[in-house]
Amino acid sequence: MQYSFDGFTFTSDLFALKLRAEDDKVRRFSSSTVTMLAPLLFLLVFALVPHSFGAQLPNQNQAKEPPVAANGQPFPWDRMRLPKTVTPLHYDLSIHPNLTTLDFSGVVRIELDVHEDTSTVILHSKQLQISGALLMAPEGVKPLQVLEYPRFHQLALLSDSVLTKGRKYEVQLEFAANLSDSFHGFYKSSYRTSSGEVRVLASTQFEATFARGAFPCFDEPAFKANFTIRIVREPRHITISNMPKVSGGLLEDHFDTTVKMSTYLVAYIVSDFLSVSKTTKHGVEISVYAVPEKIDQTAFALDAAVKLLDFYDDYFDIPYPLPKQDLAAIPDFQSGAMENWGLTTYRETGLLFDPDRSSASDKLGITKVIAHELAHQWFGNLVTMEWWNDLWLNEGFAKFMEYISLDITYPELQVDDFFLGKCFEAMEVDSLSSSHPVSTPVENPTQIQEMFDDVSYDKGACILNMLRDFLTPEAFEIGIIRYLKRYSYQNTVNSHLWESLTNVSDVCVEVSGEFCSKRKLQSGTSKWHSGDELDVRAIMDTWTLQEGFPLLTVEVRGREVRLSQERFLKTNDPSLTEGFLWQIPLTYMTSASSTIHRFLLKTKTGVLYLPEEVDWVKFNVDMSGYYMVHYAGDGWNSIIKVLQHNHTALTSNDRASLIQNVFQLVSVGKVRLDTALELSLYLSRETEIMAVTQGFGELVPLYKLMEKRDMAALENQMKGYIVDLFRGLIDRQEWTDSGSVSERVLRSYLLLFACVRKYPPCLNKATQLFNQWKDSDGNMSLPVDITMAVFITGAQTAEGWDFLFEKYRHSMQTSVRSRMKTAMAWSPRKDKLQWMMEQSLHGEVMKTQDLPDVVVSISKNPHGYKLAWDFLRAHWHTMIKKFDLGSSTISYLVTGVTNQYSTTEMLDEIRSFFGSLTEETGSEMRCIQQTYETIEDNIRWMDKNLPLLQAWLNKRNHRVPHEDL
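Residues numbered from 1 in each chain as written. Predicted model: local features only at pLDDT ≥ 70, side-chain atom pairs only at ≥ 80, totals over all residues. Heavy atoms only, no water.

A short note on the overall build of the chain
Scanning the chain from terminus to terminus reveals 27 helices and 29 strands. For the chain, buried positions account for 66% of its 965 residues. If you sum the accessible surface of the chain, you get close to 31,000 Å²; carbon and sulfur atoms cover 48% of it. (Helix = DSSP H or I, 4+ residues; strand = E, 2+ residues; numbered from the N terminus. Buried < 20%, exposed > 50% of the residue type's maximum accessible area, 1.4 Å probe, protein only. Areas by Shrake-Rupley, 256 points an atom, 1.4 Å probe, with all protein chains shown as cover.)

Spelled out as structure tokens, the structure:
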């Protein structure tokens, strides 16, 4: 699943989805969002708002009191996880939805394999009315008594006779329920045609624990089975599901039996969608479905899906096992996308592309989300984690494969320019004590939902990238193919992956001062250069079974390089950093040689010896490793000198990582703020997207903190410094759609920033273009990549805002609507901002799926941040019901609205609200703890560094006033 959010609140992905979890992830968000309005990430939000992760709830795996069924009888099972006495082999599922009365009924017949003698079958059901239960045994059909235990979403089917080990039985259940009015289970969606008619459809979203709300089932990933599905429909509708239709009458469609799979991957849709289709070179039929008036926006996604499915088919050396793969754009969708086997579902912004109206960022985002979901057809669907504690085996791999696949299939998208942002975002949340290990125990549905976060998605992808670099890409590919082939149609845990990656490479590292850059691939046992056997599991357990990441401190004394590691943690309690040790695959280069040297640091400290003295040394080359580096002694001054005099001696990723590292080190007291600011001066000569955007990402949040403290003079000095720093690069931007994807994304980013900061040349040009576009009644063709700057400038007046809203209401272009919505959320008029949030909550004029975007966007608006916080509090109970406790959406709302406060007064107000909640209304969610930690860190930062910042800016004499919008 990909979690993401539209518009400029694309906070789980620097320039892509986040979904996460889809996100989204990040993302969650993600999730990461799929419209990929990348420039807006820092330019309006202007701060990383990582999709947070929820708190670990108290262990609820076992009922505290003997469980009592809904009818008052004792319930025969007291654990949240299902027993393994019986397992499902096959589901025969018939569903009859009614899109007029908005309910559905159904019958499911489940074939069971009995592993222990029992007279009880425990399975899942949530808010379903069970009207009949039968046992089909060899000796005949018998009724079953049904007990319900709503707390754990469980049913107990009680038989008068014993189900005997080794024999096959079937149970049949009749059920009914309302279509869900949330975004999960079997839920209602709707859309408005250009003539104003509202049309209803029904779609599914079962990950992680929502299949149980659509039909009774064994709703855990390890209970894999085959599914045969029948759906009753009206003549005006079509149905689609995981498998092709084998027969269809006027009122009922029958689908072929699925391969063996988990319940969360089942999917079906009843709608009036149209489709377009093509066949891959391997013979798989690809179809893209959308509402009729948007079917002309599906061509790009269709071509991308064909290309990517063929790539994965070849790369994994395992044929895609189904005869078809559908991609459906759903009008109402909470996360970014979902990998249902054979029927992947998406937000419309994640699939629909108009060559004339969609931006370079849109193309990058759509391609990434399709790559993510199709990677899941192998990682997640074919091979599935045993339990949700290892969700990262699904999501980390899918996130990682986005970049591997697109680097080869779409080199023009330059995805390598954006991967580093994923690691920075993961570190943002992983630097707090509220973080969690990549693999961490979870039991209840809220805890499971909270796993769809930046740690599972982005940290997972970054540690896989580190391992790939360490083992060599060739060895890594051999290992993951071995993993997929060995565990096809099965469930896995962490150790299965590490075993598959062991003994496939000959890794050469530097040991005891000897240099080695030869890294050849050999069959047989992997050996260290020193003769030690490579233990992949021992290395990777340090990255997946403990939270956080290491800070490597480097001190150069002549030829001697002293190394030490500790946990990087934003805290005022140093004891919290104790007891952590990683096996770190170090890489480094020096001023004397561009050769990349490698060294595995297994201990707290270590020493390297260079062959000669050097001017500088750079560790974590290209930031391929998931760790930060502090250059002690004169180390940072040496780095600053090389950046000032010859910054291209280091790669753009190296430069971006230095910017990120030095500013983050300020927050933990390792580096003085003025040192970080001196390093930032080189940015006046920077032109590469990752380094430029990271510069914004570290500098802009500083004045965003001041906005909420009524410090206008210093705030404007800081804004002035940033504008002056990038003035040359801004002035060189053309107001066109020319250049590479990275150049176009950077242009959007810079022009938007300049207009938001009211930089006169930009403001004048954007105002002129908006007036011309408005005078043409919106018919004038604007260069796509500059529309955000134009729209946001136009939205500053009441007349301009009203015109944008009219165009928003009637547009059928999803990416254009998203940009308009974002621009409207930057209005200086509080009545407009309040109205937008209320309309999004109601869901008629603006979709409720967009409510999180709207609220978080307004929270970044200097005129709207208090409105957003008040709105979140006032409508908390409605939102947790709609978006579900523990979801990346709720985490995104909580952190997004609160993470730029830096006063004890606001911390107290926020604590007071969240402290008043009960466990059932979210008090235990990890995102709340993360919010407290973030604000405490902001308070410490401001108290310590404001005087230094003031002194440094005075010294630089950047006194040019820059009014805010």
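Read on for the rest.
Things to note about the sheet that holds strand 27 (residues 605-609)
Here we have four strands laid out as an open sheet, ordered 27-24-23-29, and mixed in their pairing. The strands lining the two open edges of the sheet, one partner per strand, are strand 27 and strand 29 (628-631). Pairwise comparison of adjacent strand axes, ignoring direction, gives a mean angle of 25° for this sheet. For strand 24 (residues 560-567) and strand 27, the ladder comprises five bridges, and the chain directions are antiparallel. Considered in strand 27, the bridge of Glu 560 is made with Tyr 609. (Pairing = 2+ DSSP bridges. Axes fitted to C-alpha atoms, helices over the stretch in contact; angles between N-to-C directions.)

Points about the confidence of the model for the chain
Across the chain, the average pLDDT comes to 89, with 90% of residues at 70 or higher. Contacts from residues 5-60, a stretch scored under 50 in pLDDT, to residues over four places away or in other chains number 399 contacts. Within the model, the stretch residues 958-965 combines pLDDT values under 50 with 29 contacts to residues more than four positions away or in other chains. (pLDDT = per-residue confidence, 0-100. Contact = heavy atoms within 4.5 Å.)

Some thoughts on the nonpolar core
Core analysis: the biggest nonpolar cluster contains 322 residues, and Phe 215, Tyr 268, Ile 370 and Phe 619 have the highest contact counts within it. Ignoring sequence-local partners within four residues, the contact set of Ile 370 consists of Ala 301, Ala 304, Ala 305, Leu 308, Leu 327, Tyr 346 and Leu 351. (Core = buried A, V, L, I, M, F, W, Y, C linked by side-chain atoms within 4.5 Å.)

Overview of unusual backbone geometry
Residue Ala 208 follows Glu 207 across a cis peptide bond; omega there is 10°. Summarising the element assignment, Ala 208 is placed in the loop between strand 10 (198-205) and strand 11 (226-232). Phi is positive for Asp 317, which is not a glycine, with a value near 55°. Among the structural elements, Asp 317 can be located in the loop between helix 2 (299-315) and strand 18 (324-330). Among the residues examined, Asp 317 registers a relative accessible area of 45% and is labelled partly exposed. Not every positive phi belongs to a glycine, and Lys 758 is a case in point at roughly 55°. Structurally, the position occupied by Lys 758 is in the loop between helix 16 (741-756) and helix 17 (760-775).

Comments concerning the state of the cysteines
Applying the stated criterion across every chain, the model contains two disulfides. Between the sulfur atoms of Cys 423 and its disulfide partner Cys 462 the distance amounts to 2.0 Å. On the sign convention where negative means left-handed, the S-S torsion of about -105° between Cys 423 and Cys 462 marks this disulfide as left-handed. With Cys 423 in helix 5 (residues 416-430) and Cys 462 in helix 7 (residues 454-471), this residue pair connects regions lying 39 residues apart in the sequence. The residues Cys 423 and Cys 462 share a single accessibility class, namely buried. With a sulfur-sulfur separation of 2.2 Å, Cys 755 is cross-linked through a disulfide to Cys 762. Between Cys 755 and Cys 762, the S-S torsion sits near -85°, and that sign places the bridge as left-handed. Overall, the relative accessible area of 3% leaves Cys 762 in the buried class. (Disulfide = S-S within 2.5 Å.)

Structural notes on the pattern of salt bridges
Where charged atoms of side chains with opposite charge meet at close range, the side chains can pair. One pass over the structure, following the stated rule, counts 53 salt bridges. As a salt-bridge pair, Lys 485 and Asp 317 come within 2.7 Å of each other at their nearest N and O atoms. A residue pair is termed long-range when its members are at least 10 positions apart, and Lys 485 in helix 8 (residues 473-486) and Asp 317 in the loop between helix 2 and strand 18 qualify at 168 residues. Among the residues examined, Lys 485 registers a relative accessible area of 43% and is labelled partly exposed. Here Arg 829 makes a salt bridge to Asp 831, at a shortest N to O gap of 2.8 Å. (Salt bridge = Lys/Arg side-chain N within 4 Å of Asp/Glu carboxyl O.)

Section: helix 20 (residues 814-824)
Because each turn of an α-helix spans 3.6 residues, side chains separated by three or four positions end up pointing in the same direction. With respect to burial, helix 20 is a largely interior element, 11 of its 11 residues being buried. Taken together, the buried positions of helix 20 are occupied by Thr 814, Ser 815, Val 816, Arg 817, Ser 818, Arg 819, Met 820, Lys 821, Thr 822, Ala 823 and Met 824.

Describing the pairing of strand 9 (residues 185-192)
Counting buried residues in strand 9 gives six out of eight residues, a clear majority hidden from the surface. Note that strand 9 and strand 10 share eight bridges and pair antiparallel. Residue Tyr 191 lies in a different strand from strand 10, and its bridge partner there is Arg 199. Hairpin remark: strand 9 followed by strand 10, antiparallel, with five residues in the connecting loop; positive phi at Gly 196, about 100°.

A few points about the packing of helix 23 (residues 865-874) against helix 26 (residues 904-915)
Viewed as axis vectors pointing N to C, helix 23 and helix 26 meet at an angle of 15°, and their least axial separation amounts to 11 Å. In terms of their interaxial angle, helix 23 and helix 26 are classed as roughly parallel. Seen from above, helix 23 lies across helix 26 with left-handed handedness. Here Lys 866, Trp 869 and Arg 873 of helix 23 lie close against helix 26, whose contacting residues are Met 906, Glu 909, Ile 910, Phe 913 and Phe 914. Grouping the constituent residues of the contact of helix 23 with helix 26 by class yields five nonpolar, no polar and three charged. (Parallel < 35°, antiparallel > 145°, perpendicular 65-115°, else oblique. Left-handed = near helix turned anticlockwise from the far one by under 90°. Nonpolar A, V, L, I, M, F, W, Y, C, P; charged D, E, K, R; others polar.)

Brief notes about the side chain of Glu 339
Mapped onto the elements of the fold, Glu 339 is located in the loop between strand 19 (337-338) and strand 20 (343-347). A relative accessible area of 0% means that Glu 339 is categorised as buried. Among all residues touching Glu 339, those that are not within four sequence positions of it are Met 1, Glu 207, Tyr 264, Leu 265, Thr 344, Glu 373, His 376, Gln 377, Asn 381 and Glu 395.

As for the pairing of strand 5 (residues 140-143)
Every other side chain in a regular strand lies on the same face of the sheet, so the side chains alternate between the two faces. As defined by bridge partners, strand 4 (residues 129-137) adjoins strand 5 across four bridges and the pair is classed as antiparallel. Bridge pairing links Leu 134 to Pro 143 in strand 5. Hairpin connection of strand 4 to strand 5: two residues between the antiparallel strands.

Quick word on the packing of aromatic side chains
One pass over the full model with this rule turns up 55 aromatic pairs. Both rings, one in Phe 183 and one in Tyr 187, keep their centres 6.4 Å apart while their planes meet at 70°; by these two values the pair is edge-to-face. The exposure class of Tyr 187 is buried, given its relative accessible area of 0%. Chaining the aromatic ring pairs together yields one cluster made of Phe 311, Tyr 312, Tyr 315, Phe 316, Tyr 320, Trp 378, Phe 379, Phe 397, Phe 400, Phe 476, Tyr 483 and Tyr 487. We note Arg 911 situated over the ring of Tyr 932; from NZ or CZ to the ring centre the distance is 4.3 Å. (Phe/Tyr/Trp six-rings, centres within 6.5 Å; stacked < 30°, edge-to-face > 60°. Lys NZ or Arg CZ within 6 Å of the ring centre and 35° of its normal.)

Considerations on the sheet that holds strand 1 (residues 86-98)
The strand order 5-4-8-2-1-11-14-13 describes an open sheet built from eight strands, whose pairing is mixed. Pairing within the sheet leaves two strands with one partner each, and these edge strands are strand 5 and strand 13 (245-248). Strand-to-strand twist across the sheet, computed as the mean angle between neighbouring axes with direction ignored, equals 15°. Direction of pairing for strand 1 relative to strand 11: parallel, over a ladder of six bridges. Within strand 11, the position partnered with Ile 95 by the bridge is Ile 231.

Quick word on helix 9 (residues 494-501)
Among the eight residues that make up helix 9, six are buried, leaving the element largely enclosed by the rest of the structure. Those residues of helix 9 that fall on the buried side of the exposure criterion are Asn 494, Ser 495, Leu 497, Trp 498, Ser 500 and Leu 501. For helix 9, the secondary structure elements touched by its buried residues are helix 4 (392-409), helix 7, helix 8 and helix 10 (536-544). Immediately beyond the C-terminal end of helix 9, within one or two residues, lies Asn 503, with a positive phi of roughly 65°.

Digging into the packing of helix 11 (residues 635-646) against helix 13 (residues 673-680)
When two helices pack together, their arrangement is given by the angle between their axes and by how far apart the axes lie. Packing of helix 11 against helix 13 leaves a shortest axis separation of 9 Å and a crossing angle of 20°. On the basis of the axis angle, helix 11 is roughly parallel to helix 13. The crossing of helix 11 and helix 13 is left-handed. Contacts between helix 11 and helix 13 involve Trp 636, Ile 639, Ile 640, Leu 643 and Gln 644 from the first element and Thr 675, Glu 678 and Leu 679 from the second. When the residues that make up the contact of helix 11 with helix 13 are grouped by side-chain class, the tally is five nonpolar, two polar and one charged.

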